[in-house]
Amino acid sequence: MTKVRTRFAPSPTGFMHLGGLRTALYAYLYAKNHGGDFILRIEDTDQARFVEGAVELIYSSLKDSGLYYDEGPDIGGNYGPYIQSERKEIYKKYAEELIKRGGAYYCFCSKERLESLTDENGNRKYDKHCLSLSKEEVDRRIASGEPYVIRQNIPAEGKSTYHDLIYGDITVDFSELEDNILIKSDGMPTYNFANVIDDHLMGITHVIRGTEYLSSTPKYNLMYDAFGWERPEYIHLPTIMKDATRKLSKRYGDANFDDFVKKGYLKEAIINYVALLGWAPKDNSEKMTLAEMVEKFSLDGISRSPSIFDEVKLKWLNGEYIRALSPEDFYALALPYIEKSAANGKFDLKKVAALMQPRVETLGEIPEKIDPIANFGDYDKELFFNKKNKTDFALAKTLLPELIGFAENTDDFSNDNLYAKLSEKAAELGVKSGALLWIMRIAITGQSVTPGGATEIAALLGKEETVKRLKHSLALLA
Ligand code: GLU
């Protein structure tokens, strides 16, 4: 059996859209599940859209996600070059060959003439005007330096059917298609041409891409047939929606891999979530490593209906990944976010990390969770009133001096010790430990909701800062 070869063929736009990442992932999973090769090809024939650094971003996003390609522009391979702008001569040669075989023709029509073909509804379809030019005329006009394009010659009538491995038989009437440009006047190919030439020359066995190409595939098949080449298998993937009516859009930068990484999503979690956008394994697992996905991947788990991008679910999954990290790994990943927070320079950053790991779903939530604790100051005294713990202002006033004395006389400021000793202290004072801890929590943070209970926060603050804050609160109540 021929070795499976799939490819990811992005245009360098300057960002890695999650829709693109999903295409790359499925192409990778399909190839690896079959022991095949996964190839990266850069489709940069639209030079007007050149973005500095865009190609490098594709390399790094794929590698960061664990999608190591077997061949590609930066690592080479036997089927290069893997950048379309470096393959101009190849396209030229095949375009001429296709013309000889009747599958394409030169077109010299001016912009004005093309515009005159627009009907009253604003639609325009090329009328095959130049198809009838004689070979002599074509040669003469090319020799005289007249600009031209090369168009595909699509039969005026008839239809074509192919089998998509997800969507089944797809039939398109030739009358719905147009003689699209294959080679532009600057000599660069369009996607319509380059994808066919490259997929064939690169030995791609399975073309995996978005459904937007489902109905143009018959045009590509005409070219495979004209060249006498074997058509690849096609796997078109369902659209990803932002909500019930809107597509997740590249243009508006809706969902870029980099943005999610910056917001504190783990790469493993992103790639795991992206896998679920249109595919479910037979056993319905959700949290999977890339290796597990490779093993479980199969086309019958791919859905035909659009999938909705759900950031809440991505967040949940990310939280699961965060919880599964070792404290050391979490610390390393969380450090940049902790350093950005008000805790930097005030607290022991390792302790901040330990407090945060069970409590955040993204690393980006760290500053908003820890800043209120770090920025202690005056606060609303009403916070001492708490129904459940039966605390109030007066009780706070009585207990605060006790808490100050306790803190001053305690040296072991570990959470366990503080918790045990404060329970004893509450019994000794004849109050519920819940009440004592509530008052302590408010007095050392000025917050009713804190990441961790009173003793965990006190352990983070340390003895000196805890005493200082308790005294500040007592003064506030006076
Ligand atoms: N360059 C095309 C795109 O970014 C690739 C489509 C394909 O995979 O054939 O949409």
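Residues numbered from 1 in each chain as written. Predicted model: local features only at pLDDT ≥ 70, side-chain atom pairs only at ≥ 80, totals over all residues. Heavy atoms only, no water.

Trainee: Would you mind going over the packing of helix 16 (residues 415–429) against helix 17 (residues 433–445) with me for this structure?
Mentor: How two helices pack is summed up by the angle between their axes together with the distance between the axes. Running from N to C, helix 16 and helix 17 point in directions that differ by 115°, and their axes come no closer than 8 Å. Judged by the sense of rotation from one axis to the other, the crossing of helix 16 with helix 17 is right-handed. Residues Y419, L422, S423, K425, A426 and L429 of helix 16 form the contact with helix 17, whose participating residues are S433, L436, L437 and M440. When grouped by side-chain class, the residues that make up the contact of helix 16 with helix 17 number seven nonpolar, two polar and one charged. (Axes fitted to C-alpha atoms, helices over the stretch in contact; angles between N-to-C directions. Helix = DSSP H or I, 4+ residues; strand = E, 2+ residues; numbered from the N terminus. Left-handed = near helix turned anticlockwise from the far one by under 90°. Contact = heavy atoms within 4.5 Å. Nonpolar A, V, L, I, M, F, W, Y, C, P; charged D, E, K, R; others polar.)

Trainee: What should I look at first to understand the environment of S216 in this one?
Mentor: Its place among the elements puts S216 in the loop between strand 8 (206–210) and helix 7 (217–227). A relative accessible area of 12% means that S216 is categorised as buried. Note: C-alpha distance between S216 and N192 (24 residues apart in sequence) is 8.5 Å. Polar contacts involving the side chain of S216 include one to the side chain of Y220, which spans 3.4 Å. (Buried < 20%, exposed > 50% of the residue type's maximum accessible area, 1.4 Å probe, protein only. Polar contact = N/O pair within 3.5 Å; in protein donor to acceptor, adjacent residues only side chain to side chain.)

Trainee: Teacher, can you tell me more about the environment of K282 here?
Mentor: Its place among the elements puts K282 in the loop between helix 9 (267–275) and helix 10 (290–296). The class of K282 is exposed, set by a relative accessible area of 69%. For the pair K282 and F385, spaced 103 residues apart in sequence, the C-alpha separation works out to 53 Å. In contact with K282, not counting residues within four places along its chain, are S298 and D300.

Trainee: Is there a simple way to think about the nonpolar core in this case?
Mentor: As a rule of thumb, soluble globular proteins bury nonpolar side chains together. Core analysis: the largest hydrophobic core is formed by 148 residues, its most contacted members being L25, L62, L67, F193 and I366. Filtering out sequence-adjacent residues up to four positions away, F193 remains in contact with Y91, Y94, A95, L98, L182, I183 and M223. (Core = buried A, V, L, I, M, F, W, Y, C linked by side-chain atoms within 4.5 Å.)

Trainee: Please explain the pattern of salt bridges as it appears in this structure.
Mentor: Pairing between side chains of opposite charge can happen when the charged atoms of each approach one another. Scanning the entire structure with this criterion turns up 33 salt bridges. A salt bridge links K463 to D411, with the shortest nitrogen-to-oxygen separation between them at 2.8 Å. Of this pair, K463 sits in helix 18 (residues 454–477) while D411 sits in the loop between helix 15 (393–408) and helix 16, placing them 52 residues apart in sequence. Residue D411 is classed as exposed on the basis of its relative accessible area of 67%. Each of the salt bridges in this network shares a partner with another, and the network as a whole consists of R7, R41, E43, R87, D198 and D199. (Salt bridge = Lys/Arg side-chain N within 4 Å of Asp/Glu carboxyl O.)

Trainee: Looking at this structure, how should I read helix 9?
Mentor: Each α-helix winds once per 3.6 residues, and so residues spaced three or four apart point in a common direction. For helix 9, the tally of buried residues reaches seven of nine residues, placing the bulk of the element in the interior. Every buried residue of helix 9 is accounted for by A269, I270, I271, N272, Y273, V274 and A275. Contacts made by the buried residues of helix 9 are with helix 1 (18–33), helix 8 (257–262), helix 10, strand 11 (307–308) and helix 11 (311–324).

Trainee: Which parts of the structure should I look at to understand the site of the ligand?
Mentor: Taken together, R7, A9, S11, E43, Y191, R209 and Y213 make up the full set of residues adjacent to the ligand. Taking A9, its main chain carries an N or O atom lying 2.8 Å from a nitrogen atom of the ligand. Contacts to the ligand include S11, whose side-chain N or O atom sits 3.3 Å from a nitrogen atom. With the chains in place, 85% of the 300 Å² that the ligand exposes on its own is no longer accessible. Broken down by class, the residue content of the shell around the ligand amounts to three nonpolar, one polar and three charged. (Near = heavy atom within 4 Å. Areas by Shrake-Rupley, 256 points an atom, 1.4 Å probe, with all protein chains shown as cover.)

Trainee: Explain the pairing of strand 2 (residues 37–40) here, please?
Mentor: Two faces make up the sheet, and in a regular strand the side chains alternate between them. By the alternation rule, side chains of strand 2 split into D37 and I39 and F38 and L40, which are all buried. Note that strand 1 (residues 5–8) and strand 2 share four bridges and pair parallel. Of the residues in strand 2, the one forming a bridge with T6 is F38. You can see the chain leave strand 1, run along helix 1 and come back into strand 2, and the turn it takes is right-handed. (Pairing = 2+ DSSP bridges. Right-handed = clockwise from strand over helix to strand, strands pointing away.)

Trainee: Would you mind showing me how to read helix 15 here?
Mentor: With 16 residues, helix 15 ought to run about 22 Å at 1.5 Å a step, and its terminal C-alpha atoms sit 23 Å apart, in line with that. The principal kink in helix 15, of about 30°, is found at L399, preceding the proline P401 by one to four residues. Looking at helix 15, one finds that the buried residues are A396, L399, L400, L403, I404, F406 and A407. Tucked into the core, helix 15 has its buried residues touching helix 16, helix 17 and helix 18. The residue sitting at the N-terminus of helix 15 and contributing the capping side-chain oxygen is D392; that oxygen lies 3.2 Å from the backbone nitrogen of A394. (Expected span 1.5 Å × (residues − 1). Bend = angle between axes of the 7 residues up to and from the residue.)

Trainee: Help me understand the packing of helix 6 (residues 191–201) against helix 7 in this model?
Mentor: At a minimum axis separation of 10 Å, helix 6 and helix 7 run at an interaxial angle of 50°. The angle between helix 6 and helix 7 falls in the class oblique. Between helix 6 and helix 7 lies a crossing whose hand is right-handed. Seen from helix 6, the contacting residues are Y191, N192, F193, N195, V196, I197, D199 and H200; seen from helix 7, they are K219, Y220, M223, Y224 and F227. Residue composition of the contact of helix 6 with helix 7, grouped by class: eight nonpolar, three polar and two charged. (Parallel < 35°, antiparallel > 145°, perpendicular 65-115°, else oblique.)

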